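# A closer look at the structure
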Amino acid sequence: MEQLKNWRHPCSLDFHYSEFWRGKYQDDLSRDTYRHSSTKGEMTIRVYSSWDKSTSEQAKKTQKWQLSYFVDMSDPSKLPIDKIIELYSL
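Read on for an overview of the structure. The numbering scheme is per chain: residues are counted from 1 as the chain's sequence reads. Predicted model: local features are reported for residues with pLDDT of at least 70 only, side-chain atom pairs are reported and counted for 80 or more only, and whole-chain, interface and lining totals are derived from all residues. With hydrogens and water excluded, all non-hydrogen atoms of the structure serve as input to the side-chain values.

Quick look at a nonpolar patch on the surface now. Surface patches are drawn from residues lacking salt bridges whose relative accessible area is over 30%; two like charges belong together within 9 Å, two nonpolar side chains (Val, Leu, Ile, Met, Phe, Trp, Tyr) within 5 Å. Where accessible areas are quoted, they stem from the Shrake-Rupley method and a 1.4 Å probe; at the residue level, only the protein chains shown are allowed to cover. Take a side-chain nitrogen of Lys or Arg and a carboxyl oxygen of Asp or Glu: if they are within 4 Å of each other, that pair is a salt bridge. A surface patch of nonpolar side chains, about 380 Å² in accessible area, is lined by Ile 45, Trp 65 and Tyr 69. Runs of E in the DSSP output that reach at least two residues are strands. Runs of H or I that reach at least four are helices, and both are numbered from the N terminus. With respect to the helices and strands, Ile 45 occurs in the loop between helix H2 (22-31) and helix H3 (57-66). Summary of the burial criterion: residues with accessible area below 20% of their type's maximum are buried, those above 50% are exposed, and those between are partly exposed, where the area comes from a 1.4 Å probe applied to protein chains only. You can call Ile 45 exposed: its relative accessible area is 60%.

Following this line, the structure appears as structure tokens:
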């Protein structure tokens, strides 16, 4: 993944990392697992927030169904408490 090999801040995508994954990421990068001319590499789910400007059709399609799971928390005085409870209740 080019963004990882030539790191820039801020990153152009969300990269989920923990010490648990360090060895796997290093191994995958050394073998170029993430991208190869004959395969797609490892697939993962991508999350497209409401503020993300999706460009590909696949991203737009994914963003469409994901949007109902986002909560606008920019104004603490206007939090949609019912929606938060619905989304995060067990």
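Moving on from the model shown.
Let us look at the pattern of salt bridges. The tally for this structure, following the rule as stated, stands at one salt bridge. For the salt bridge of Glu 57 with Lys 60, the shortest nitrogen-to-oxygen distance reads 3.7 Å. Here Glu 57 pairs with Lys 60, and both are found in helix H3, just three residues apart, close to one helical turn. With relative accessibility at 59%, the residue Glu 57 sits in the exposed group.

The partly exposed category is assigned to Lys 60, whose relative accessible area is 38%. Once the C-alpha coordinates of Lys 60 and Tyr 48 are considered, the two residues, twelve residues apart in sequence, prove to be 8.3 Å apart. Note on contacts: a residue pair is in contact if any heavy atoms of the two residues lie within 4.5 Å. Once residues within four sequence positions are removed from consideration, Lys 60 is found in contact with Ser 54 and Thr 55.

The next thing to look at is the packing of aromatic side chains. Aromatic pairing here means that ring centres of Phe, Tyr or Trp (its six-membered ring) are within 6.5 Å. Orientation follows from the plane angle: under 30 degrees is stacked, over 60 is edge-to-face, and everything else is tilted. Scanning the entire structure with this criterion turns up two aromatic pairs. Centre to centre, the rings of Trp 51 and Phe 70 are 5.9 Å apart; their planes meet at 80 degrees, and the pair counts as edge-to-face. Residue Trp 51 is found in the loop between H2 and H3, and its partner Phe 70 is found in the loop between H3 and helix H4 (81-88); the two are separated by 19 residues along the sequence. Given a relative accessible area of 22%, Phe 70 falls into the partly exposed group. Residues Trp 65 and Tyr 69 carry aromatic rings whose centres are separated by 6.3 Å and whose planes lie at 80 degrees to one another, so their mutual orientation is edge-to-face. The partly exposed category is assigned to Trp 65, whose relative accessible area is 48%.

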